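What the coordinates show
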Amino acid sequence: MPHLNELSQHIFGKPMAELGEIERRILTRAKERRTVATDTNAAFSAELSVGDRLADAIARIGGSWGFILSFCGFLVVWVIINTVLLVTGAFDPYPFIFLNLLLSMLAALQAPVIMMSQNRQAERDRFAAAKDYEVNLKSEVELIALHHKVDDVLLREIAELRTDIANLNRQLSQYRHIPDNE
């Protein structure tokens with residue numbers, strides 16, 4: 001098999017030293033006949049810290065219909081308790097200032113956690129895009145190499161056919177020069 005620099009020149013049209021890190025890695029893996037494809041979700045999830053996983057879980061729960069409906073139920077119960085049931089001595093009478101404080105604190109905590117989760121999703125998307133690029137590049141390298149192999153086989157077969165035709169022509173011309181003794 002050709003040297004990596006020859007492959008680089010042949011496939012990318014430039015020497016190995018001018019290739020980027022991804023291209024060098026892909027070319028090396030293609031030469032070694034090793035796979036590039038990986039499970040991007042598993043690879044990305046393996047690098048997450050406990051805090052990252054916790055933030056994702058909170059964002060997953062906080063962005064669900066179950067959370068929205070249960071929180072609406074909590075708000076309705078809060079209002080009913082503080083207006084109807086506890087007409088006198090309500091712990092948070094109308095305009096529900098304590099409830100507003102709790103909602104503000106919840107929003108102050110929930111918003112950064114959701115943003116962290118969204119940032120991580122963007123990182124996951126970039127990671128998956130980079131892996132897709134690697135797989136696509138290796139596929140292109142393999143296809144180019146396959147085309148070159150097919151071209152080499154065809155050229156060899158054409159050369160063999162030309163040799164066979166030349167031999168047949170020689171035999172034919174010798175046959176024509178043999179006098180008929182009959």
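Above this text you will find the structure in question.
Here's what I pulled together on the structure shown here. The structure displayed is predicted, hence computed values, not measured ones.

1. Considering a nonpolar patch on the surface
A cluster of nonpolar side chains, namely Leu-143, Leu-146, Val-150, Leu-154, Leu-155 and Ile-158, defines an oily patch on the protein surface of about 550 Å² accessible area. When you line up the elements, Leu-154 lands in helix 6 (residues 97-177). The exposure class assigned to Leu-154 is partly exposed, which follows from its relative accessible area of 44%.

2. So, the side chain of Lys-138
Note that Lys-138 resides in helix 6. Here Lys-138 falls in the buried class, since its relative accessible area comes to 14%. Only 3.1 Å separates the side chain of Lys-138 from the backbone oxygen of Arg-34, close enough to count as a polar contact. Once residues lying within four places of it in the same chain are set aside, the contact partners of Lys-138 are Ile-26, Arg-29, Ala-30, Arg-34, Thr-35 and Val-36.

3. Notes on helix 6
Taking 1.5 Å per residue as the helical rise, helix 6 with its 81 residues ought to reach 120 Å, and the 118 Å between its terminal C-alpha atoms agrees with that figure. Buried residues of helix 6: Leu-99, Gln-110, Val-113, Ser-117, Arg-120, Arg-124, Ala-128, Glu-134, Leu-137, Lys-138 and Val-141, and no others. The inward-facing, buried residues of helix 6 abut helix 1 (4-12), helix 2 (21-31), helix 3 (40-46), helix 4 (50-62) and helix 5 (65-85).

4. Quick look at the packing of aromatic side chains
In total, this model carries 7 aromatic pairs according to the counting rule given. When the centroid spacing of 5.8 Å and the interplanar angle of 35° are considered together, the rings of Phe-71 and Phe-74 count as tilted. Taken as a pair, Phe-71 and Phe-74 lie in helix 5 at a separation of 3 residues, close to a single helical turn. The structure contains a cluster of three or more aromatic residues connected by ring pairs, namely Phe-67, Phe-71, Phe-74, Trp-78, Phe-91 and Phe-98.

5. Details of the packing of helix 5 against helix 6
Viewed as axis vectors pointing N to C, helix 5 and helix 6 meet at an angle of 160°, and their least axial separation amounts to 11 Å. Classified by the interaxial angle, the pair formed by helix 5 and helix 6 is roughly antiparallel. Our pair here, helix 5 against helix 6, has a crossing hand that is right-handed. For the pair formed by helix 5 and helix 6, the contact residues are Phe-67, Phe-71, Phe-74, Leu-75 and Trp-78 on the first element and Phe-98, Leu-99, Leu-102, Leu-103, Leu-106 and Gln-110 on the second. Counted by class, the contact of helix 5 with helix 6 contains 10 nonpolar, 1 polar and no charged residues.

6. Regarding the side chain of Glu-23
By the secondary structure assignment, Glu-23 is in helix 2. The buried charged residue Glu-23 lacks any salt bridge, with Lys-14 as its nearest oppositely charged partner at 6.6 Å. When sequence neighbours within four positions are dropped, the list of residues in contact with Glu-23 reads Phe-12, Tyr-133 and Leu-137.

7. Regarding the environment of Met-116
Checked against the element boundaries, Met-116 lands in helix 6. Between the C-alpha atoms of Met-116 and Gln-171, which are 55 residues apart in sequence, the distance is 82 Å.

8. Looking at the nonpolar core
The biggest cluster of nonpolar side chains holds 8 residues, and these are Leu-4, Leu-7, Ile-11, Met-16, Leu-19, Leu-27, Ala-30 and Val-141. When residues of this core are traced back to their parent elements, those giving at least two are helix 1 and helix 2. The biggest single contributor to this core is helix 1, with 3 residues.

Cut-offs applied
Residues numbered from 1 in each chain as written. Predicted model: local features only at pLDDT ≥ 70, side-chain atom pairs only at ≥ 80, totals over all residues. Heavy atoms only, no water. Patch = residues over 30% accessible without salt bridge, like charges linked within 9 Å, V, L, I, M, F, W, Y side chains within 5 Å. Areas by Shrake-Rupley, 256 points an atom, 1.4 Å probe, with all protein chains shown as cover. Salt bridge = Lys/Arg side-chain N within 4 Å of Asp/Glu carboxyl O. Helix = DSSP H or I, 4+ residues; strand = E, 2+ residues; numbered from the N terminus. Buried < 20%, exposed > 50% of the residue type's maximum accessible area, 1.4 Å probe, protein only. Polar contact = N/O pair within 3.5 Å; in protein donor to acceptor, adjacent residues only side chain to side chain. Contact = heavy atoms within 4.5 Å. Expected span 1.5 Å × (residues − 1). Phe/Tyr/Trp six-rings, centres within 6.5 Å; stacked < 30°, edge-to-face > 60°. Axes fitted to C-alpha atoms, helices over the stretch in contact; angles between N-to-C directions. Parallel < 35°, antiparallel > 145°, perpendicular 65-115°, else oblique. Left-handed = near helix turned anticlockwise from the far one by under 90°. Nonpolar A, V, L, I, M, F, W, Y, C, P; charged D, E, K, R; others polar. Lys, Arg positive; Asp, Glu negative; His and termini not counted. Core = buried A, V, L, I, M, F, W, Y, C linked by side-chain atoms within 4.5 Å.

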